Amino acid sequence: MLSFDEALKITLDAVPAPEKVRVRLSAALDRVLAETVTARTSQPPFDASAMDGYAVKAASITSNASCEVAFQVAAGGDPGQTLPEGKVARIFTGAPLPAGADAVIIQENAARDGDIVTFSQGALEGQNIRRMGRDFALGDVLAEAGTRLKPAHIGLIASGNNAEIDVFRKPMVALLSTGDELAAIGSVLKPGQIVGSNALLLEAMLARHATAVSDLGHAPDSVDALAENIGGALGSDIDILVTTGGASVGDHDLLAPALEQLGAERLFWKSAMRPGKPAMLSSLNGKLIFTLPGNPVSAFVTATLFVIPAIRKWSGEKVTGLDLIDARLSGSLEANGPRRHFRRANLSLEYGSVIVRPINETDSAHQSSLAAANALLVQPENGPSLSDGALVQVLPL
Ligand code: AMP
Ligand code: MG
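Residue positions are given per chain, counted from 1 along the sequence in the order it is written. Whichever chain is written first is A, and whichever ligand is written first is 1; the rest continue in order. Confidence filtering applies because this is a predicted model: local features only for residues at pLDDT of at least 70, side-chain atom pairs given and counted only at 80 or more, and all residues used for totals across whole chains, interfaces and linings. To get the side-chain values, take all heavy atoms of the structure and skip hydrogens and water.

1. So, the nonpolar core
Applicable threshold: The nonpolar core is taken to be a set of buried Ala, Val, Leu, Ile, Met, Phe, Trp, Tyr and Cys residues, with the residues joined through side-chain atoms within 4.5 Å. To sort residues, take the accessible area from a 1.4 Å probe on protein chains only and compare it with the maximum for the residue type: under 20% means buried, over 50% means exposed, and anything in between is partly exposed. Counting from the N terminus, the helices are DSSP H or I runs at least four residues long and the strands are E runs at least two residues long. The contact criterion used throughout is that any non-hydrogen atoms of two residues lie within 4.5 Å.
Among the nonpolar cores identified, the biggest contains 39 residues, and V242, F290 and F306 are the most heavily contacted of them. Elements supplying a minimum of two residues to this core: α1 (4–13), β14 (173–178), α3 (198–207), β18 (240–244), β22 (287–292), α6 (296–314) and β26 (375–379). It is α6 that provides the largest number of residues to this core, a total of eleven residues. Discounting residues that sit within four places of it in the chain, F306 has contacts with F4, A7, L8, T11, F268, S271, M273, A279 and F290. Listed in part, the 19 residues of the second largest apolar core include L176, L241, L255 and A258.

Written out as structure tokens, the structure is:
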């Protein structure tokens, strides 16, 4: 059987080169920059006061000096004013520093009486002033191509006066749940039905990666119906179709024949992993089709390990593998079989050590244990039994 690593490599290799799109900055959170963005203004754009107080010429102020207040300037005020010799100006945070001033004395160190102000301390040149370009200067690089934009990047790029930027296009994803037993969420269950929860699960997972999905609903267990639903989905403008259910080789697992009927190219089917062995990847007309197992934990794990890395790469991130971290095992684990095991687990930071506690539940239909987990503990193929304190690899969720 194909190894998990080979299956992941096939998945990543199947992703086309990312394409640029121009977007409003307001729509760019969590997107990957396709250009290096530079500043179209300096920040601050002028020498500005960092405090509320008085703009002064430092050399002319000593402790207990009294001066006449010539004018006042607030944020947004006239930047063209000049301090008359020997006088000071009332100034507020963010206001342009008048010509002739080189320091700001905070208002807490000033006593005002009419037009006269007396300072309890002298001033040092440059104090409480934000010099023009101190944060960044016109033309400076604000964010490199390839950066995944966090809120602080959005703020930085905005203050550099960029309203639009080039990011990489996100793939359009559609979800199709399959299975005769599936009922809509909120419906009255008929005997033998279960609530189809996978679509909402996957939608929530992809939302974390700023990817919107369209839910194509439920399809029954019939080759023709599946082929029709999948064919219809691939005829629309989606890039990736993710199905759940019917991926295995039982009499009612009909995704493989349906995809065959459509002429899809199979890139892999079945890999040595647990859960998720039956997951399949196919392509048709440049679109990728992930056929995930129906059990919710298997769907979650295979979406985490194949679909999300593919979407991240499609969206311009450099993805070469899983972002695993090392952790110390709390408790013990039995030796692993021939498939790589992704166990539900809890990761925590305890006294400066990264500790992982496996959850003792391996049923791939058991969702409450999945909800209780915040990580997947990775046990390698044929890995030995492990005792308390062993170093293991973990994928934070
Ligand atoms: P399958 O992969 O079709 O063999 O399904 C495996 C198990 O997952 C069965 O118990 C199904 O009822 C269940 N299942 C399939 N699809 C869904 C779904 N969308 N939501 C919840 N459970 C599902
Ligand atoms: Mg089924």
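2. Brief notes about the pattern of salt bridges
Stated precisely, the cut-off is as follows: Should a side-chain nitrogen of Lys or Arg be within 4 Å of a carboxyl oxygen of Asp or Glu, the pair is scored as a salt bridge.
Within this structure, the stated rule accounts for 17 salt bridges. When the shortest N-O distance is used, the salt bridge between R340 and D5 registers 2.8 Å. Within this pair, whereas R340 is found in strand β24 (residues 340–350), its partner D5 is found in helix α1, the two being separated by 335 residues in sequence. Relative accessible area serves as the criterion here: at 14%, R340 is assigned to the buried category.

3. Thoughts on the site of ligand 1
Cut-off, in case you're wondering: Consider each residue's heavy atoms; a residue with any of them within 4 Å of a molecule or strand counts as near. Under this definition, polar contacts are N or O atom pairs within 3.5 Å; protein pairs additionally need one hydrogen-donor-capable and one acceptor-capable atom, and for neighbouring residues in sequence, both atoms have to be side-chain atoms. Residue type decides the class: Asp, Glu, Lys and Arg count as charged, Ala, Val, Leu, Ile, Met, Phe, Trp, Tyr, Cys and Pro as nonpolar, and the leftover types, Gly among them, as polar.
Not every one of the 16 residues close to ligand 1 is listed here, only the nearest: E181, S197, N198, G246 and G294. A distance of 2.8 Å separates an oxygen atom of ligand 1 from a polar atom in the backbone of G294. Between N295 and ligand 1, the recorded distance is 3.1 Å, taken from a backbone N or O atom to an oxygen atom. Taken together, the residues of the shell around ligand 1 break down into five nonpolar, nine polar and two charged.

4. Quick word on the sheet that holds β14
The criterion, for reference: Pairing between two strands requires that DSSP report at least two bridges joining them. A fitted line through C-alpha atoms represents every axis, and for helices the fit uses only the stretch in contact; the resulting angles, taken between N-to-C directions, go from 0 to 180 degrees.
Spatial ordering of the open sheet is given by β17-β14-β18-β22-β21-β19, a layout of six strands whose pairing is mixed. Because the sheet does not close on itself, it has two edges, and the strands there are β17 (213–219) and β19 (265–269). Sheet twist, expressed as the mean angle between neighbouring strand axes with direction ignored, is 20°. Here β19 runs beside strand β21 (residues 280–284); their pairing, made up of four bridges, is antiparallel. Each bridged residue has a counterpart across the sheet, and for F268 the counterpart in β21 is L281. In this fold helix α5 (residues 255–262) packs onto β14, β18, β19, β21 and β22, with an angle of close to 15° to the strand it touches most, β21. The sheet strands contacting α6 are β14, β18, β19 and β22, and the helix crosses β22 at an angle near 165°.

5. Overview of the sheet that holds strand β5 (residues 53–56)
Taken together, the six strands give an open sheet; going across it, the order is β8-β5-β7-β6-β10-β9, and neighbouring strands pair in mixed fashion. Since the sheet does not close on itself, it has two edges, and those belong to β8 (103–106) and β9 (110–113), each with one partner. In this sheet, adjacent strand axes meet at a mean angle of 40° when their direction is disregarded. Looking at chain direction, β5 and β8 are connected through four bridges and run antiparallel. Across the sheet, V56 pairs through a bridge with A103, a residue of β8.

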